[in-house]
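# Reading the structure
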Amino acid sequence: MADHSTIEWTEATWNPTTGCDRISPGCDNCYALTLSKRLKAMGSAKYQTDGDPRTSGPGFGVAVHEDALDIPRRWRDPRVVFVNSMSDLFHARVPLDYVQRVFAVMRETPRHTYQLLTKRAARLAKVAPQLDWPANVWMGVSVENTSEVARVDDLLHVPATVRFVSAEPLLGPLPGLTLAGIDWLIAGGESGRNCRPMDPQWVRELRDQCNAAGTAFFFKQWGGRTPKAGGRLLDGRTWDEMPSGRRLTTVG
């Protein structure tokens, strides 16, 4: 849990589960996997479950954390909250009844706005009818290249107030992406020692698609050795659009 987040498009993070498994190219240089290994070595209690070394790693096995469920209830001031920055709530090893409990917490704390992001769009669509979707939940899918564009089709079956796409790390152009029914798109380049380069034209095409479709566009970063290395300017300006006029208050 972090009461304040350095992620540009949110204000806080909440991790009622931790751990995951790599399932597509966007996972290849996962920051959460690397961080989990470090947290395990430091003795952090939430990161002592190891994952399959073929798809996960030390401290990155999927685990649920009952003691984390009450955290948002203790935050008095409204926050924009990224749920599971260190996991995927729709991972197959997260029990449905636990997902439902996470949704219950979000419903019981309408002062907060919750942002959920998954690469497991098929399971999301499958269990969505069994979840009680409150108005303060935004649901997104990650789409890093053309092979993953079909995740958006699953997202469109979800009754979330706001649906969004995270094109980060953007690994190629997305000419097949349709933004009908999508309220927000985040684009960004990869960071870290093995980061893969992003062509500026890929980003411009997404920005222009968003402008044409009336979809809010947020450009997070160019990426590089560190997340901030390349800055955030696209054609001389920052792009910090949020859906439905929602504005961030505690991060730049």
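Residues numbered from 1 in each chain as written. Predicted model: local features only at pLDDT ≥ 70, side-chain atom pairs only at ≥ 80, totals over all residues. Heavy atoms only, no water.

### Comments concerning the pattern of salt bridges
The tally for this structure, following the rule as stated, stands at 19 salt bridges. Across the pair Asp21 and Arg93 runs a salt bridge whose closest N-O atoms are separated by 2.8 Å. Of this pair, Asp21 sits in the loop between strand 2 (17-18) and helix 1 (31-41) while Arg93 sits in the loop between strand 4 (80-83) and helix 3 (96-108), and the two are 72 residues apart along the sequence. Salt-bridge contacts for Glu108 lead to Arg73; the nearest nitrogen and oxygen are separated by 2.6 Å. Remark: Arg73 occurs in helix 2 (residues 71-74) and Glu108 occurs in helix 3; sequence separation between them is 35 residues. With a relative accessible area of 47%, Glu108 lands in the partly exposed category. One continuous salt-bridge network, built from bridges that share partners, spans Glu8, Glu168, Lys220 and Lys228. (Salt bridge = Lys/Arg side-chain N within 4 Å of Asp/Glu carboxyl O. Helix = DSSP H or I, 4+ residues; strand = E, 2+ residues; numbered from the N terminus. Buried < 20%, exposed > 50% of the residue type's maximum accessible area, 1.4 Å probe, protein only.)

### Describing helix 1
If you check which residues of helix 1 are buried, you get Ala32, Leu33, Ser36 and Leu39. Summarising the axial view, the buried residues of helix 1 lie within an arc of 125°, below the 170-degree limit, and thus occupy one face. Exposed and facing more than 90 degrees away from the buried side of helix 1 are Lys37 and Ala41. At the exit of helix 1 stands Gly43, carrying a positive phi of roughly 90°. (Arc of directions from axis to C-beta.)

### Brief notes about unusual backbone geometry
Of note, the amide linkage connecting Glu168 to Pro169 takes the cis form, showing an omega dihedral of -5°. Summarising the element assignment, Pro169 is placed in the loop between strand 7 (162-167) and strand 8 (184-188). The phi dihedral of Asn84 is positive, around 70°, even though this residue is not glycine. Its relative accessible area of 3% is what places Asn84 among the buried residues.

### With respect to the packing of aromatic side chains
Taken as a whole, this structure holds nine aromatic pairs when the rule is applied. Plain terms: the ring middles of Phe103 and Trp133 are 4.8 Å apart, the flat faces sit at 80° to each other, and that makes the pair edge-to-face. One end of the pair, Phe103, is in helix 3; the other, Trp133, is in the loop between helix 4 (121-127) and strand 6 (137-142), with 30 residues separating them in the sequence. Residue Phe103 is classed as buried on the basis of its relative accessible area of 2%. Relative to Trp184, the ring of Phe164 lies with its centre 5.2 Å away and its plane at 50°, an arrangement referred to as tilted. Residue Phe164 is found in strand 7, and its partner Trp184 is found in strand 8; the two are separated by 20 residues along the sequence. (Phe/Tyr/Trp six-rings, centres within 6.5 Å; stacked < 30°, edge-to-face > 60°.)

### With respect to the pairing of strand 8
Across the five residues that make up strand 8, a large majority, five, are buried. Covered by surrounding structure in strand 8 are Trp184, Ile186 and Gly188 together with Leu185 and Ala187, the residues of both alternating faces. Bridging between strand 7 and strand 8 involves four bridges; their strand directions are parallel. Residue pairing in the sheet places Ser166 in a bridge with Ile186 of strand 8. Note: strand 8 against strand 9 (residues 216-221), five bridges, orientation parallel. Across the sheet, residue Ala187 finds its bridge partner in strand 9, namely Phe219. Handedness of the β-α-β unit built from strand 8, helix 6 (residues 200-213) and strand 9 comes out right-handed. (Pairing = 2+ DSSP bridges. Right-handed = clockwise from strand over helix to strand, strands pointing away.)

Any functional reading would require information that these geometric values do not contain.
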